[in-house]
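# Overview (structure and organization)
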Amino acid sequence: LTGEGFDVYLLDWARPYPADAENTLETYVEDYIPRAMAAACESSETSEVTLAGYCLGGVLALLAAAADPGPIVRNLIALATPGDFSELGFMSQMFVEGRLEPADVLDSTGMVPARVLDQGFQSLKPTDAVVQQVNVLQNLWNDQWLTGYIAMNKWARDQVPLPGAVFRQIVERLVRANSLAQGTVALGKREVSLGDIKCPFFNVYCRRDELVPPRSAAPLTHLVGSDDVTELCLESGHVGLV
């Protein structure tokens, strides 16, 4: 993108600390993301941005665009982003009503520890660690393969803690109420509607994505209110997309 002349800005989900334990969806959707977009516009001397979000970042981008559907978001891109949380499988189903409560995975500081998040992701493929060890042994001679493996494995396992307040909201609003799939999500004292998103929308998801399968991501295509909507389903997995 930079090679094509675009200014590109990355909003980093930085490591939160116990002081951030009460961060909510509103913290990110109504404060951090709008301020980041304003800073990007000021830096690039422009009045509009293309907002792209990956996985949970895509959910936050959708909610930010729905919360303030003004002219600043010129285009919106969701990459491997869940829409129907009832279709997410184990990572979602473990927190449906009557199973785990959000408090069950919080530590004494009110955070979801990074190790708990990593264990959750690893539980999707419980034999993957053994398979990876076998693959490493078979490719020890291949420096190029090892370089890619080490980089990707570090990226996939490099989890950071999650603020407990936003985690509780994700469970209550997105998992149990499945409100995103219904097109409206409570933010503060109001409800925001995906139907209020009128800018061009591009929904990208992957056929072999076991974390956010197509049946979870595809509904987003029809939930936004834009007349200019495109979807792309790639022969890839969740990590392979990026």
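Residues numbered from 1 in each chain as written. Predicted model: local features only at pLDDT ≥ 70, side-chain atom pairs only at ≥ 80, totals over all residues. Heavy atoms only, no water.

## Describing the pattern of salt bridges
Evaluated as defined, the whole model comprises nine salt bridges. A salt bridge links Glu87 to Arg215, with the shortest nitrogen-to-oxygen separation between them at 2.8 Å. Taken together, the residues span a long stretch of sequence, with Glu87 in the loop between strand S2 (73-79) and helix H3 (90-93) and Arg215 in helix H8 (residues 214-217) at a distance of 128 residues. Classification of Glu87 as partly exposed rests on a relative accessible area of 27%. Classification of Arg215 by relative accessible area gives exposed; the value is 53%. A salt bridge links Arg176 to Glu101, with the nearest nitrogen and oxygen atoms 3.2 Å apart. Of this pair, Arg176 sits in helix H7 (residues 164-176) while Glu101 sits in the loop between H3 and strand S3 (111-112); the two residues are 75 residues apart in sequence, bridging distant segments of the chain. Residue Glu101 is classed as partly exposed on the basis of its relative accessible area of 33%. (Salt bridge = Lys/Arg side-chain N within 4 Å of Asp/Glu carboxyl O. Helix = DSSP H or I, 4+ residues; strand = E, 2+ residues; numbered from the N terminus. Buried < 20%, exposed > 50% of the residue type's maximum accessible area, 1.4 Å probe, protein only.)

## Here's the deal with helix H1 (residues 25-44)
Compared with an ideal rise of 1.5 Å per residue, which puts 20 residues at 28 Å, H1 spans 27 Å between its outermost C-alpha atoms and is within 8% of the ideal. Taken as a whole, H1 has its buried residues at Leu25, Glu26, Thr27, Tyr28, Val29, Ile33, Met37, Ala40 and Cys41. The first or second residue beyond H1 is Glu45, which carries a positive phi of 55°. (Expected span 1.5 Å × (residues − 1).)

## Considering the pairing of strand S1 (residues 49-54)
With burial as the criterion, only one face of S1 is covered, namely that bearing Val49, Leu51 and Gly53; the residues Thr50, Ala52 and Tyr54 on the opposite face remain uncovered. Bridging between S1 and S2 involves six bridges; their strand directions are parallel. Paired with Tyr54 across the strands is Leu79, a residue of S2. In the classification by handedness, the crossover that spans S1, the intervening helix H2 (residues 56-67) and the parallel S2 is right-handed. (Pairing = 2+ DSSP bridges. Right-handed = clockwise from strand over helix to strand, strands pointing away.)

## Some points on the confidence of the model for the protein chain
Per-residue confidence for the protein chain gives a mean pLDDT of 90; residues scoring 70 or more make up 94%. For the protein chain, the element scoring lowest by mean pLDDT is helix H5 (residues 128-138), at 65; strand S7 (residues 201-206) scores highest, at 98. (pLDDT = per-residue confidence, 0-100.)

## Some remarks on unusual backbone geometry
The backbone of Glu45 shows a phi angle near 55°, a positive value even though the residue is not glycine. With respect to the helices and strands, the residue Glu45 is situated in the loop between H1 and S1. For Asn178, which is not glycine, the phi torsion reads 50° and is therefore positive. Mapped onto the elements of the fold, Asn178 is located in the loop between H7 and strand S5 (184-187).

## What to know about the packing of aromatic side chains
One pass over the structure, following the stated rule, counts three aromatic pairs. With a centroid separation of 5.3 Å and 85° between ring planes, the pair formed by Tyr28 and Tyr32 is classed as edge-to-face. With a gap of four residues between them, Tyr28 and Tyr32 both fall in helix H1, about one helical turn apart. Residue Tyr28 is classed as buried on the basis of its relative accessible area, which comes to 9%. The exposure class assigned to Tyr32 is partly exposed, which follows from its relative accessible area of 31%. Pairing Phe95 with Phe167 gives two aromatic rings, centres 5.2 Å apart and planes at 85°, and the pair type is edge-to-face. Of this pair, Phe95 sits in the loop between H3 and S3 while Phe167 is found in helix H7, placing the two residues 72 residues apart along the sequence. Clustering of aromatic rings is evident, with ring pairs tying together Trp13, Tyr28 and Tyr32. (Phe/Tyr/Trp six-rings, centres within 6.5 Å; stacked < 30°, edge-to-face > 60°.)

## Examining the environment of Leu162
Within the fold, Leu162 resides in strand S4 (residues 162-163). By relative accessible area, Leu162 is classed as buried at 9%. Among all residues touching Leu162, those that are not within four sequence positions of it are Trp13, Met111, Val112, Leu117 and Phe167. (Contact = heavy atoms within 4.5 Å.)

## Here's the deal with H2
Taking 1.5 Å of rise per residue, twelve residues should cover 16 Å, and H2 covers 16 Å from first to last C-alpha, within 8% of that figure. Burial of H2 is extensive: ten of the twelve residues sit out of reach of the surface. Of the residues making up H2, those classed as buried are Gly58, Val59, Leu60, Ala61, Leu62, Leu63, Ala64, Ala65, Ala66 and Ala67.

## Overview of the side chain of Thr27
Along the chain, the position of Thr27 falls in helix H1. A polar contact of 2.9 Å, which involves the side chain of Thr27, links it to the backbone nitrogen of Thr24. (Polar contact = N/O pair within 3.5 Å; in protein donor to acceptor, adjacent residues only side chain to side chain.)

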